[in-house]
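# Descriptive structure summary
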Amino acid sequence: MKQTMVIAVLVLVIAACQTTRTRFDESASYGFNKYTLTWSDGDKSEIFIRSLERNGHLAVCSYVVSESSPGNRDTEMAWYRVQTLYVNDLSAGSFDFLRIYGEEDFAPFQAGCIETTTPWSQAFAEPEIDLEGASRIVVKY
């Protein structure tokens, strides 16, 4: 019984520490900031990202248009999935919500989005993005 209680408490603590993220899609139209990432083979990817208010919280939307061939997009997607999105210094979870497109793909594109648990502030309207090392994508406000 005691062991069951300890396990139940640990599960509740772990669940409380998890960031709840609501995923949604948005049309990739105006209002996105563009950042360029150059890969080791010289190909470039344009990362489009924007923040918006959703249900009183900060939401982040992103998509990528890449020069690479479709075969390389699987590798790129795997790289983005292991990235951690930070809003300032707070982790907002993995960056796996974004959508990847190639130059040869036709618009209209969809941006993948998450709603964070961070309350919205007008200061979030103009983000800067930094790719810090191999595992951090930092959105600074």
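Just so it is clear, the structure is predicted and the values come from calculations on it, not from any experiment.

## Quick word on the pattern of salt bridges
One pass over the structure, following the stated rule, counts five salt bridges. In this structure, the salt-bridge partner of Glu-115 is Arg-54, at a minimum N-O distance of 3.1 Å. Of this pair, Glu-115 sits in strand E8 (residues 110–119) while Arg-54 sits in strand E3 (residues 44–54); the two residues are 61 residues apart in sequence, bridging distant segments of the chain. Owing to a relative accessible area of 9%, Glu-115 belongs among the buried residues under this scheme. Given the relative accessible area of 26%, Arg-54 is considered partly exposed.

## Comments concerning the confidence of the model for the chain
Per-residue pLDDT for the chain averages 75, and the proportion of residues at 70 or more is 78%. Predicted confidence for residues 1–19 stays below pLDDT 50, and this span has two contacts to residues more than four positions away or in other chains.

## Quick look at unusual backbone geometry
The backbone phi angle of Asn-55 is positive, close to 55°, even though this residue is not glycine. Among the secondary structure elements, Asn-55 is positioned in the loop between E3 and strand E4 (57–66).

Reading the values: rules and limits
- Throughout, a residue's number is its position along its own chain's written sequence, starting from 1.
- For this predicted model, a pLDDT threshold of at least 70 governs which residues receive local features, and a threshold of 80 or more governs which side-chain atom pairs are given and counted, while totals over whole chains, interfaces and linings are taken from all residues.
- Excluding hydrogens and water, the side-chain values take into account all heavy atoms of the structure.
- Definition used for salt bridges: Asp or Glu carboxyl oxygen within 4 Å of a side-chain nitrogen of Lys or Arg.
- Strands here are runs of E lasting at least two residues and helices are runs of H or I lasting at least four, both read from the DSSP assignment and numbered beginning at the N terminus.
- Buried residues are those whose accessible area, probed at 1.4 Å on protein chains only, stays under 20% of the maximum for their type, while exposed residues exceed 50% and partly exposed ones sit between those limits.
- pLDDT expresses, on a scale from 0 to 100, how confident the predictor is about each individual residue.
- Here, residues are in contact when the closest pair of their heavy atoms is within 4.5 Å.

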